[in-house]
Amino acid sequence: MPKIRASNNLITNYTKRIQSGFTLLEIMVVTAIIGVMATLLVGAVMQDNDRTAKLEAERFMAVLAELQDESVLAGVPFSVQFSGGGYTTTTALTDSSGGGDDSLLKQRRLQDGVTMRSEIFSVDDESEDENGEPLPAAVLIDTMGETTGFEVRFVGDDTQYIVFINEQGQLSLKASPL
């Protein structure tokens, strides 16, 4: 009988030794899962400039819509002036971008990877500041909420998003490939 017991111990030890590691298949599956997760993470972390351009265009439309509403409610005209890396909203009366705690009146910077091109269609070329210098082209919003004609392009890698005033005087957004 003791010989059988010794034999059982050998089988038990042999079985434990075989089950004490990972098989090649298990290691390959775990490596594949880690690879897929890393790919998804890199895709989520890396900036998608087309998506960012669309978000910037939508944000710009929301700011303009809010300025239109505020100009009607407060009876104050507003303007939006463009610079290479963003735009500034101001009251058209004082041309200052402070305005106390009003969150509408401030400079907004574009996110990295997005460029902006603006074209103003109906600008009074005789607008001058107090020193006689011509004012930069700006989108003007009067106290009735009417906005000068304009077109602003937010450009990503493969797509540009164009914000404009349509024939009915409404803000519109369209996408077009580059």
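Residues numbered from 1 in each chain as written. Predicted model: local features only at pLDDT ≥ 70, side-chain atom pairs only at ≥ 80, totals over all residues. Heavy atoms only, no water.

Let us now look at the overall build of the chain. Summing up its helical and strand segments, the chain has three helices and eight strands in all. The order of α-helices and β-strands along the chain, N terminus first, is α-α-α-β-β-β-β-β-β-β-β. Counting the 178 residues in the chain, one finds 30% classified as buried. By sequence separation, contacts in the chain at least 24 residues apart represent 52% of the contacts at least 6 residues apart. Summing over all exposed atoms, the chain offers an accessible surface of approximately 12000 Å²; the carbon and sulfur share of this is 56%. (Helix = DSSP H or I, 4+ residues; strand = E, 2+ residues; numbered from the N terminus. Buried < 20%, exposed > 50% of the residue type's maximum accessible area, 1.4 Å probe, protein only. Contact = heavy atoms within 4.5 Å. Areas by Shrake-Rupley, 256 points an atom, 1.4 Å probe, with all protein chains shown as cover.)

Another point: the sheet that holds strand E6 (residues 150-155). Read across the sheet, four strands follow the order E4-E6-E7-E8 without closing on themselves; strand pairing throughout is antiparallel. Edge strands, defined here as strands with exactly one partner in the open sheet, are strand E4 (115-120) and strand E8 (171-177). Strand-to-strand twist of the sheet, defined as the mean angle between neighbouring strand axes without regard to direction, takes the value 20 degrees. Two elements, E6 and strand E7 (residues 159-165), share five bridges in a ladder whose sense is antiparallel. When the bridges of E7 are listed, Arg153 appears paired with Ile162. (Pairing = 2+ DSSP bridges. Axes fitted to C-alpha atoms, helices over the stretch in contact; angles between N-to-C directions.)

Once that is clear, we can look at the packing of aromatic side chains. The final tally for this structure, using the stated rule, is four aromatic pairs. Between Phe60 and Phe82, the ring centres sit 5.9 Å apart and the planes meet at 50 degrees, which makes this aromatic pair tilted. Of this pair, Phe60 sits in helix H3 (residues 49-74) while Phe82 sits in strand E1 (residues 78-83); the two residues are 22 residues apart in sequence, bridging distant segments of the chain. Across the pair, Phe82 and Phe60 agree in class, each one buried. Grouping aromatic residues by their ring pairs yields a cluster made of Phe60, Phe82, Tyr87, Phe150 and Phe154. (Phe/Tyr/Trp six-rings, centres within 6.5 Å; stacked < 30°, edge-to-face > 60°.)

This paragraph deals with the environment of Thr115. Tracing the sequence through the fold places Thr115 in strand E4. Between the C-alpha atoms of Thr115 and Gly85, which are 30 residues apart in sequence, the distance is 7.2 Å. With residues up to four places along the chain from it excluded, the contact list for Thr115 reads Leu110, Arg153, Phe154 and Val155.

With that settled, the discussion passes to H3. For an α-helix, the turn length of 3.6 residues means that residues three or four places apart are oriented alike. Here H3 is 26 residues long and its end C-alpha atoms lie 36 Å apart, about the 38 Å a rise of 1.5 Å per residue gives. Immediately beyond the C-terminal end of H3, within one or two residues, lies Gly75, with a positive phi of roughly 70 degrees. (Expected span 1.5 Å × (residues − 1).)

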